[in-house]
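Observations on the three-dimensional arrangement
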Amino acid sequence: MTSAAAILASKLGTLKPEVAFILGSGLSPLAEEVTNAIRIPYAELPGFPKSGVSGHAGEIVAGDFAGRPVLMLSGRAHYYEHGNAAAMRPALEALFVIGITNLILTNAAGSLNPDMPAGTVMLISDHINFSGSNPLFGEPTDRRFVGLTQAYDAGLRRAIEAAADATGTPLHQGVYMWFSGPSFETPAEIRMARVMGADAVGMSTVPEVILARFLGMRVAACSVITNLAAGMTGGELSHQETKDIAPVGGARLATILRHLVGAGLPA
Ligand code: HPA
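Calculation notes
Residues numbered from 1 in each chain as written. Predicted model: local features only at pLDDT ≥ 70, side-chain atom pairs only at ≥ 80, totals over all residues. Heavy atoms only, no water. Helix = DSSP H or I, 4+ residues; strand = E, 2+ residues; numbered from the N terminus. Rg over C-alpha atoms; globule rule 2.2 N^0.38 Å. Buried < 20%, exposed > 50% of the residue type's maximum accessible area, 1.4 Å probe, protein only. Contact = heavy atoms within 4.5 Å. Areas by Shrake-Rupley, 256 points an atom, 1.4 Å probe, with all protein chains shown as cover. Near = heavy atom within 4 Å. Polar contact = N/O pair within 3.5 Å; in protein donor to acceptor, adjacent residues only side chain to side chain. Nonpolar A, V, L, I, M, F, W, Y, C, P; charged D, E, K, R; others polar. Phe/Tyr/Trp six-rings, centres within 6.5 Å; stacked < 30°, edge-to-face > 60°. Axes fitted to C-alpha atoms, helices over the stretch in contact; angles between N-to-C directions. Left-handed = near helix turned anticlockwise from the far one by under 90°. Pairing = 2+ DSSP bridges. Salt bridge = Lys/Arg side-chain N within 4 Å of Asp/Glu carboxyl O.

Turning to the overall build of the chain, a few remarks are in order. A count of helical and extended segments in the chain gives seven helices and nine strands. Relative to the compact-globule value of 18 Å for 267 residues, the chain shows a C-alpha radius of gyration of 17 Å, a close match. Along the first, second and third principal axes, the C-alpha atoms of the chain reach 50 × 45 × 35 Å. Taken across its 267 residues, the chain has 52% of its residues classed as buried. By sequence separation, contacts in the chain at least 24 residues apart represent 82% of the contacts at least 6 residues apart. When the accessible surface of the chain is totalled, it reaches about 10700 Å², and 53% of it is carbon and sulfur.

Right, dumping it as structure tokens:
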């Protein structure tokens, strides 16, 4: 066991999380809903990110959510912080080693579709890696050639759709395009993204999806739309807007995820 996994396992004791969540910008309120919470700051877990982004707490919160055992990563490392796309690898490896095989990622994203405005939720059906980077650069084994034809698990996606239906929560679906950040996109880049088949743009999630598929985890991901993308409204974009608006869609996403977990994840 890696030392982070050993520490994590000993802190969790008998708790056996059925699913892990990675909470994006402005989505950490979800962690407040965890009861009987065991909180572990990333600083206590070797290899976990030293998160410096405002809106990201940098701790594990594990416990009961919708009556089931879960683990939430509140805060993630972003490629734009240091140019290391594999920064979340030790954290994801630790989760895998302690037996977590279901990973649900969340993020804040900009929408390319005026019919999917700020405050809505998009289930990611597929992604476009436009960063030019990959978290498996340097991985020496042939396992690096990870197939991504079914990166986003069909069963988990169906369960998320069913949870949205059951709770009457509007849910869009679409393709997420990963830009490196940290600068926002230009209007020309957004026009390009649309032509290339993207529905939303953001600065995270894709490296973690690639790593989780590399490890053999089942993956699903949802974007909370915080804005229409660059050039679509005439206004300038800001991280403050992301943090301010994320809780609106975050509340909708929380409704979906509560139902999903409470109903039990598909086997
Ligand atoms: N672009 C990139 N990342 C984002 C955006 C955006 O418009 N909104 C929230 N995260």
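Our focus in this paragraph is the environment of I124. By the secondary structure assignment, I124 is in strand β6 (residues 121-129). Residues in contact with I124, not counting those within four places in the same chain, are N107, Y152, R157, G174, Y176, A221, C222 and S223.

With that settled, consider the site of the ligand. The environment of the ligand is made up of A108, A109, G110, F184, E185, V201, G202, M203, T226, N227, L237 and T242. Contact between the ligand and G110: a nitrogen atom at 3.3 Å from a main-chain N or O atom of the residue. A distance of 2.7 Å separates a nitrogen atom of the ligand from a polar side-chain atom of N227. The fraction of the free accessible surface of the ligand (260 Å²) that becomes covered by protein chains is 96%. With three residues, the single largest contributor to the shell around the ligand is strand β5 (residues 102-111). The class makeup of the residues in the shell around the ligand is six nonpolar, five polar and one charged.

Scanning the model with the defined rule gives four aromatic pairs in all. Taking the centre distance of 6.1 Å and the plane angle of 70° together, the rings of F21 and F65 count as edge-to-face. Pair noted here: F21 is in strand β1 (residues 19-23) and F65 is in strand β3 (residues 59-65), with a separation of 44 residues, a long-range link. What makes F65 buried here is its relative accessible area of 1%.

Interhelical geometry of helix α3 (residues 89-97) versus helix α6 (residues 206-215) gives an angle of 40° and a closest axis separation of 10 Å. For α3 against α6, the interelement crossing comes out right-handed. Contact residues: R89, L92, E93 and F96 in α3; E208, L211, A212, F214 and L215 in α6. Looking at the contact of α3 with α6 residue by residue, the class counts come to six nonpolar, no polar and three charged.

A few words now on the side chain of N107. By the secondary structure assignment, N107 is in strand β5. We classify N107 as buried; its relative accessible area is 1%. In this structure the side chain of N107 is engaged in a polar contact, spanning 2.7 Å, whose partner is the side chain of S223.

Taking burial as the measure, the 10 residues of β5 include 10 buried ones, the bulk of the element. Because side chains alternate across β5, one face comprises the buried residues N102, I104, T106, A108 and G110, and the other comprises L103, L105, N107, A109 and S111, equally buried. The pairing of β5 with strand β9 (residues 218-228) spans 10 bridges and is parallel. Each residue of the ladder has a partner; that of A108, found in β9, is V224. One ladder, built from two bridges, connects β5 with strand β8 (residues 200-202); its direction is antiparallel. Bridging from a neighbouring strand, G110 pairs with V201 of β8.

For the coordinates displayed, the defined rule picks out nine salt bridges. Notably, a salt bridge pairs R39 with E32, separated by 3.5 Å at the nearest N-O pair. Residue class for R39 comes out partly exposed when judged on its relative accessible area of 39%. The shortest N-O distance in the salt bridge between R218 and D153 comes to 3.8 Å. Residue R218 is found in strand β9, and its partner D153 is found in the loop between β6 and α4 (154-167); the two are separated by 65 residues along the sequence. This pair shows no difference in class: R218 is buried, exactly as D153 is. Connected through shared salt-bridge partners, E32, R39 and E59 make up one network.

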